[in-house]
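Analysis of the macromolecular model
Residues per chain are reported as follows:
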Amino acid sequence: MTPALQAVHLCKEFRGFRATNDVTLDIREGEIHAVIGPNGAGKTTLFNLLSGFLKPTSGEVRLFGERVDTLSPQHLVRRGLSRSFQISSVFGSMTVRDNLAVALQAPTALPHRFWISDRALQRFDPRIDEIVAQVGLQDVQHRLAADLSHGEKRGLEIGLSLTQEPRVLLLDEPTSGMGSEGIERVIALVRRVAAGRTVVMVEHNMSVVAQLADRITVLQYGQVIASGPYEQVRQDPAVIAAYLGHEEDIFAEDGSEADIAPGHGSRA
Ligand SMILES: Nc1ncnc2c1ncn2[C@@H]1O[C@H](COP(=O)(O)OP(=O)(O)OP(=O)(O)O)[C@@H](O)[C@H]1O
């Protein structure tokens, strides 16, 4: 089967420095795929390349078999790939529902105005109901976004991405900055939104990765050093060496000390 998303010999240089170095990677349709690696390994750069925010120095990105690395992020959204950012794109002074309504009306013929009539926006109500349920925000759907908890806000950000009906959803550190309650909430949320679509996520919390990811790709110095299911990757000598000094914590059996962000030291 054609992979949902592919990197093919992907390279990105910044003034001669290869942040992404010959990355070849297949994301299978319908899977949750985690990209992990020590700080500075090139995860964000790879995400920027996959989502059209950076153009590769060489190599290709393919979405459902078609080359897309020449397309803008907006064009990629239209092809079915969306990215949810850590940085909030939420309007704090609007309710959860109104945030979703604005996002839903954006690609339609309705004029881009904040004084759109309630009647015009009502047509989005059924879809808003669905998204609110998917991201678990029923109880706070009439609350101002500014008053949401950290975890609820993350839910709304992912909900905003869902308004674009992505077939492939890229999540950038979905649990960052969260306590255990928020993390549990996001794990459940990612499971729900992954139903019927492909999810790729950068995630530092290994316990989250273990619970969610069907497969994992490990980056170091811009290169793929391992790829496969969690149990296989956690025993890979190259991966253990990449996280040297941290391995017991990173791949803790009970996930108790699994939140890691080790530095990678200097390049050999
Ligand atoms: N615009 C840029 N110009 C120059 N160097 C860059 C640029 N963006 C990233 N880099 C370098 O590329 C390398 C990979 O960075 P990147 O942010 O992709 O890593 P990362 O794995 O996401 O790190 P972290 O876990 O700390 O977020 C780093 O050495 C970084 O300094």
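For the structure itself, consult the block above.
Heads up: these notes are all about the structure in this document. (Residues numbered from 1 in each chain as written. Predicted model: local features only at pLDDT ≥ 70, side-chain atom pairs only at ≥ 80, totals over all residues. Heavy atoms only, no water.)

Bringing helix H6 (residues 150-162) into the picture now. In this model, H6 (13 residues) spans 19 Å end to end at C-alpha, consistent with the 18 Å of a helix rising 1.5 Å per residue. Looking only at H6, the buried set comprises Gly151, Glu152, Arg154, Gly155, Leu156, Glu157, Ile158, Gly159, Leu160, Ser161 and Leu162. Of the surrounding secondary structure, the elements contacted by the buried residues of H6 are strand E6 (81-84), helix H3 (96-105), helix H5 (125-134), strand E7 (168-172) and helix H7 (180-194). (Helix = DSSP H or I, 4+ residues; strand = E, 2+ residues; numbered from the N terminus. Expected span 1.5 Å × (residues − 1). Buried < 20%, exposed > 50% of the residue type's maximum accessible area, 1.4 Å probe, protein only. Contact = heavy atoms within 4.5 Å.)

So, about the site of the ligand. Neighbouring residues of the ligand: Phe14, Phe17, Ala19, Pro38, Asn39, Gly40, Ala41, Gly42, Lys43, Thr44, Thr45 and His204. Backbone polar atom of Gly42 to an oxygen atom of the ligand: 2.9 Å apart, as the coordinates give it. Take Lys43: an N or O atom from its side chain is 2.8 Å from an oxygen atom of the ligand. Protein chains shield 62% of the accessible area of the ligand, which is 630 Å² for the free molecule. When contributions to the shell around the ligand are tallied by element, the ones reaching two or more residues are strand E2 (17-27) and helix H1 (43-50). The dominant element in the shell around the ligand, judged by the number of residues it contributes, is H1, at three residues. Classifying every residue of the shell around the ligand gives five nonpolar, six polar and one charged. (Near = heavy atom within 4 Å. Polar contact = N/O pair within 3.5 Å; in protein donor to acceptor, adjacent residues only side chain to side chain. Areas by Shrake-Rupley, 256 points an atom, 1.4 Å probe, with all protein chains shown as cover. Nonpolar A, V, L, I, M, F, W, Y, C, P; charged D, E, K, R; others polar.)

Following both chains from N to C, one finds H3 and H5 inclined at 120°, their axes separated by 10 Å at the closest point. Comparing the axis directions of H3 and H5 gives the class oblique. Where H3 crosses over H5, the two elements pack in a sense that is right-handed. Facing Val96, Arg97, Leu100, Ala101 and Leu104 of H3, the residues of H5 in contact are Asp125, Arg127, Ile128, Asp129, Ile131 and Val132. Residues of the contact of H3 with H5, tallied by class, amount to seven nonpolar, no polar and four charged. (Axes fitted to C-alpha atoms, helices over the stretch in contact; angles between N-to-C directions. Parallel < 35°, antiparallel > 145°, perpendicular 65-115°, else oblique. Left-handed = near helix turned anticlockwise from the far one by under 90°.)

Attention now goes to the sheet that holds strand E5 (residues 66-67). If you walk across this open sheet you meet the four strands as E2-E1-E4-E5, and the pairing is antiparallel. Because the sheet does not close on itself, it has two edges, and the strands there are E2 and E5. Lying on the sheet, H1 is in contact with strand E1 (5-14), E2 and strand E4 (58-63); it crosses E1 at an angle near 120°. (Pairing = 2+ DSSP bridges.)

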